[in-house]
Amino acid sequence: MHDLIVVGAGPGGYVAAIRAAQLGLKTAIVERESLGGVCLNWGCIPTKALLRNAEIAELLHHGDKYGFSFDNLTLDFSKAIERSQSVVSLQTKGIGFLMKKNKIDVLTGSATITRPGKVEVGGQTHPTKRILLATGAQTRLLPGVAVDGKRIFTAREAVARTDLPPRLVILGGGPIGVEFAYVYHHYGSQVTLVEGKDRLVPQEDEEISQLLGKIYAQKGIKVLTSSMVKEIQTTADGVTVQVETARGDQTIQADACLMAIGIVPNTQDIDMKRLGIQTDERGYIVIDDQCKTTAADVWAIGDVTGKLPLAHVASMQGIVAVEAMTGHTPPVLNYQDLPRATYCRPQIASLGLTESQAKAKGHQVAVGKCPFRPVGKAQALGETDGFVKLVADAQYGEILGVHMIGPDVSELLAEVGVAKTLEGTLAEIDLTVHAHPTLSEAVKEAALAALGRPIHI
Amino acid sequence: MPSQVLMPKMGYDMAEGKILRWIKQEGDPVNKGEAIAEIETEKVNIEIEAFEAGTLGRILAGPGSVVPVGDPIAVILKPGEKLDTPPAAPQATPAVGAGEGNEAVPQLRRLDGEQAVAQPKLPPQETRTPGPAPGEPHGTRFKASPLARRIAKEMGVDLRDIGGTGPGGRIVKRDVMRARPAAPAPAALAAERVPLTKMRRAIARAMTGSKAPVPHFYVTVAVDMDKAMAFRKQLNDMQGMPKVSLNDLIVKAAALALKKFPNLNASYGEDAIDRHGDVNVSIAVALPEGLINPVLHQADRKLISEISRESKALAEAARNGRLKPEDVMGGTFTVSNLGMFDVENFSAIITPPQAAALAVASAQQVPVVRDGQLTIGWVMKATLSADHRVTDGAEGAQFMAEWKRLLEEPLRLVV
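Only a predicted model underlies this, so the values are computations on that prediction, with no experimental measurement involved.

**Student:** Whenever I open this one, the overall build of chain B confuses me. Can you help?
**Tutor:** Counting secondary structure elements, chain B contains 7 helices and 18 strands. Per-residue burial over chain B gives 44% buried out of 415 residues. Pairs at least 24 apart in sequence give 61% of the contacts found in chain B among residues at least 6 apart.

Printed below as a string of structure tokens:
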């Protein structure tokens, strides 16, 4: 009998399993496809490799700015895919090694759970004291639209297919949509990006959405916001998408269509009713502060809980759940304050409250914004679009949020994250000497601006 | 054997207490019955006494620490005993590295009926459990986040008085916010966020814990108060009597009526209804920060003058924060009077583990019918809230009828 069976070996599941093993629980993990889950195999990892390629492609296309010229510049997309797949393979091998090192039993197959305390995998029943569901989510599809991998595909297919559609429609202007738009555009596809809300990356600060929209338009990516898809038709050689925009209907002809309109939780092989696991109106598993479900001895983490579908969030929830089930008092996660990043270029990165959210909560808000234009390192890189915006409470300088768009801003999140964890204020960022020349100086300058005394702007 | 001093349970729903200050320091001799520390609970401050003579060997929770009931707060050594190891955490299986003398012991609970889970090999700073590190003697450096320090400074709150609930016992923003007096709203804001006081939290917890699980039902009566008011005037016209209020008569009437209806002076238990015998009436007293219910013990046996004197004393003590623990314990029935606010009627939430509460509204001059004639009288409405697991509508109605009769024929209160 195991002390814990984790269902799903994505970033939530495998981290939880390792922590459980560290705390002395006899642990098994069930995985029906590939260790590392969506993140490692079809999500975060392969896309970051492809984005790196696209970034280089972008630089090469602007080579003359840096003094490079080419005859017959060729971009081999299949090589890009191949490289990203080799990264994936390294990562999944790494997870396999970690499972062995921590003596976690890996059960390969799909888990079926119809009775409490029993997980069936491949015809065998595994009794267990506790269950941790980390089954993740999959791409939401439009009714009546089938994914054939050729004309209609999702991110999962995208990271493996090597052909470049000359004209590509991407449905969904969130992080996944804008990242793929970047990749395909810089490899030569004519991209049309369709988003239902009134701006791209609608979860971010409004100014970030505006700047990204402007930059994408300048690149030549067609962006349709406030636009809903009415119909998709596939033909032998293409796809026709009917879109209802604010200014009337439009018909988009393309060679392929990438669906990135959202996700739905994976709860198919678990008898939620029988086990007493409550789900919300969108099908996500309901959890409390300790990631416990409404069923006895069942916890849930990651995308299947719908809290904030990001890999690092799933991992942290995994720690919380396992520490809670072993009698520790884990931290309570404030999902709003957890970092999120989008890796197109310029990158987008944020955590915490936006200016309007902070005001709505009753804070006296102080905002400091430092554009990258005057920042030495950004100029040296030749990438000066974007800014760092720090939102703070004016009374004590409490850091409420940071919202950034610009070169490598995903790497600047951790500084603000640590400050928030330690309840540091603007004054502490000011007291910290930031190395020069780095992009992080923009964070310090934003803090100074919030304090009313910027030096470089 | 050194003996541990535990955080005492000084109330039905007390879950934790805060150490305000240590009266004795480590190394001080203590006599049996001597006060060694001052503890703050949600309702009152109390002093903990040593239950045997000896030396205060070690203080486990410094001032400002919030400690769950039953947890050790100090160790007393008898003459000749020595303390050589830091207080033990739940036993760790030796397989995973035993504590390397790390002071910050996580507050782990053993899983029932299972082998104790092996302790993680964490360096002391990594423990993420809230609460102060046991073993940290009081008076040493305290940890506080920059934000907490800033708020405390501006609010004039001494960080040494605050217990930390952040990582490793660090004082964080929420700890300071809880401790500071309610801040005036900054002029710039349209709305105000008033930090919850400990009293408000206590009220919230008690009332939520009552309303949902206890099936309430309500019975309202309208009492003809003319005779009661005349009776009161007669009492107060007498020399040498403390000034009697209507509420004193109301409380006495309730106490007498409860003797006839013991189910309403009871508590719902697992297999039985605990009838309490003594009638200890909790009297709701409004305070600026909320509500507290001091108890008039054995109200059924007390004279009206005694009820009057005691109620006044309890209300006074409540307003000055000087209620003793026994003053707020043991209530078996609650009387809540909003008569001074010109309220027509209201109903109360029962205070667990009581089974009933009486909500008394204002006596108002209204048209009444007496002997077939329309005239003007003083009528006061009151509503009984009762626990349906312990009593029923008919009994509730009968109790209210009896209570009403006692007020409408007030001489019955003294025979």
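Back to the text.
**Student:** Where do I start with the sheet that holds strand S11 (residues 222-224) of chain A in this structure?
**Tutor:** Strand pairing in a sheet takes place through backbone hydrogen bonds and is either antiparallel or parallel in direction. Residues and elements named next belong to chain A. The parallel open sheet is built from 5 strands, whose spatial order is S8-S15-S9-S10-S11. With one partner strand each, in any of the chains shown, strand S8 (152-154) and S11 form the two edges of the open sheet. Strand-to-strand twist across the sheet, computed as the mean angle between neighbouring axes with direction ignored, equals 20°. Direction of pairing for strand S9 (residues 167-171) relative to strand S10 (residues 190-194): parallel, over a ladder of 5 bridges. Within the sheet, the bridge partner assigned to Ile170 lies in S10 and is Leu193. On the sheet, helix H7 (residues 175-186) packs against S8, S9, S10 and strand S15 (256-259) and is oriented at approximately 170° with respect to S10.

**Student:** Just checking my understanding: could you explain the nonpolar core for this structure?
**Tutor:** Across soluble globular proteins, nonpolar side chains have a tendency to be buried as a group. Of all hydrophobic cores here, the largest spans 73 residues; its most connected members are Ile73(B) and Trp403(B). Of the residues forming this core, the biggest block, 9 residues, is contributed by helix H5 (residues 246-260) of chain B. Residue contacts for Ile73(B): discarding those within four places in its chain leaves Val5(B), Leu6(B), Met7(B), Ile19(B), Trp22(B), Ile39(B), Ile48(B), Ile59(B), Leu60(B), Ala61(B) and Val67(B). Ranked by size, the runner-up nonpolar core spans 55 residues in total, among them Leu35(A), Ala111(A), Ile131(A) and Tyr335(A).

**Student:** Help me understand helix H6 (residues 304-319) of chain B, please; the structure alone is not making it clear to me.
**Tutor:** Residues and elements named next belong to chain B. For H6, spanning 16 residues, the distance from its first C-alpha to its last is 23 Å, which sits close to the expected 22 Å at 1.5 Å a residue. Within the span of H6, buried status applies to Ile304, Ser305, Ile307, Ser308, Ser311, Leu314, Ala315, Ala317 and Ala318. For H6, the elements touching its buried residues are helix H4 (226-237), H5, strand S12 (281-283), strand S13 (285-287), strand S14 (290-292) and strand S15 (295-296). Gly321 sits one or two residues past H6 and shows a positive phi near 65°.

**Student:** Sorry, what's going on with the pairing of strand S2 (residues 27-31) of chain A here?
**Tutor:** Sheet faces and side chains relate simply in a regular strand, where the side chains alternate between the two faces. Residues and elements named next belong to chain A. Summarising burial for S2: 5 of the 5 residues are buried, a large majority. Neither face of S2 is left uncovered, since the one carrying Thr27, Ile29 and Glu31 and the one carrying Ala28 and Val30 both have all their residues buried. Taken together, the 4 bridges between strand S1 (residues 2-7) and S2 define a ladder with parallel strand orientation. Directly across from Val7, in S2, lies its bridge partner Val30. Here S2 pairs with strand S3 (residues 105-108) via 4 bridges, running parallel.

**Student:** So what exactly am I meant to see when it comes to the packing of aromatic side chains here?
**Tutor:** Think of a pair of aromatic rings as described by two things: how far the centres are apart, and how the planes are tilted against each other in angle. Residue and element names in this part refer to chain A. One pass over the structure, following the stated rule, counts 6 aromatic pairs over all chains. Judged by centre distance (5.8 Å) and plane angle (45°), the ring pair of Phe77 and Tyr184 falls under tilted. Remark: Tyr184 occurs in helix H7 and Phe77 occurs in helix H5 (residues 77-101); sequence separation between them is 107 residues. The same class applies to Phe77 and to Tyr184, which are both buried. These aromatic residues form a ring-pair network of at least three members: Phe77, Phe153, Phe180, Tyr184 and Tyr187. Above the ring of Trp299, the side-chain terminus of Lys292 is found at 5.1 Å from the ring centroid. The ring of Phe387 has Lys369 sitting right over it, with the charged end atom 4.6 Å from the ring centre.

**Student:** Mind showing me how you'd approach the sheet that holds strand S22 (residues 398-406) of chain A here?
**Tutor:** Residues and elements named next belong to chain A. What the 5 strands build is an open sheet, ordered S18-S19-S22-S21-S20; its pairing is antiparallel. Single-partner strands in this sheet number two, and they are strand S18 (340-342) and strand S20 (365-371). Strand-to-strand twist of the sheet, defined as the mean angle between neighbouring strand axes without regard to direction, takes the value 10°. Across 7 bridges, the pairing between strand S21 (residues 387-393) and S22 is antiparallel. The partner of Ala392 across the bridge, within S22, is Ile399.

**Student:** Even after reading the chapter, I still don't get the environment of Gly144(A), so can you show me in this structure?
**Tutor:** Position of Gly144(A) relative to the elements: it lies in the loop between strand S7 (137-139) and S8. In this structure, the C-alpha to C-alpha distance between Gly144(A) and Glu231(A), residues 87 residues apart in sequence, is 9.3 Å.

**Student:** Explanation requested: the confidence of the model for chain B in the structure shown.
**Tutor:** Residue and element names in this part refer to chain B. When pLDDT is averaged along chain B, the result is 80; 80% of the residues meet or exceed 70. Here residues 86-140 is a poorly scored stretch, pLDDT under 50, and it has 77 contacts once near neighbours within four places are set aside; other chains count. For this predicted complex, the interface confidence score (ipTM) comes to 0.74, while the overall pTM stands at 0.61.

**Student:** Got a minute to help me understand a nonpolar patch on the surface in this structure?
**Tutor:** A cluster of nonpolar side chains, contributed by Leu59(A), Tyr66(A), Phe68(A), Phe70(A) and Leu73(A), occupies part of the molecular surface with about 440 Å² of accessible area. With respect to the element layout, Phe68(A) can be found in the loop between helix H4 (63-66) and H5.

**Student:** Looking at this structure, I do not really get the environment of Met177(B). What am I missing?
**Tutor:** Residues and elements named next belong to chain B. Checked against the element boundaries, Met177 lands in helix H2 (residues 173-179). Separated by 22 residues in the primary sequence, Met177 and Met155 place their C-alpha atoms 9.4 Å from one another. Leaving out residues up to four positions away in the same chain, Met177 has contacts with Ile151 and Pro195.

About the criteria used
Residues numbered from 1 in each chain as written. Chains lettered and ligands numbered in written order. Predicted model: local features only at pLDDT ≥ 70, side-chain atom pairs only at ≥ 80, totals over all residues. Heavy atoms only, no water. Helix = DSSP H or I, 4+ residues; strand = E, 2+ residues; numbered from the N terminus. Buried < 20%, exposed > 50% of the residue type's maximum accessible area, 1.4 Å probe, protein only. Contact = heavy atoms within 4.5 Å. Pairing = 2+ DSSP bridges. Axes fitted to C-alpha atoms, helices over the stretch in contact; angles between N-to-C directions. Core = buried A, V, L, I, M, F, W, Y, C linked by side-chain atoms within 4.5 Å. Expected span 1.5 Å × (residues − 1). Phe/Tyr/Trp six-rings, centres within 6.5 Å; stacked < 30°, edge-to-face > 60°. Lys NZ or Arg CZ within 6 Å of the ring centre and 35° of its normal. pLDDT = per-residue confidence, 0-100. Patch = residues over 30% accessible without salt bridge, like charges linked within 9 Å, V, L, I, M, F, W, Y side chains within 5 Å. Areas by Shrake-Rupley, 256 points an atom, 1.4 Å probe, with all protein chains shown as cover. Salt bridge = Lys/Arg side-chain N within 4 Å of Asp/Glu carboxyl O.

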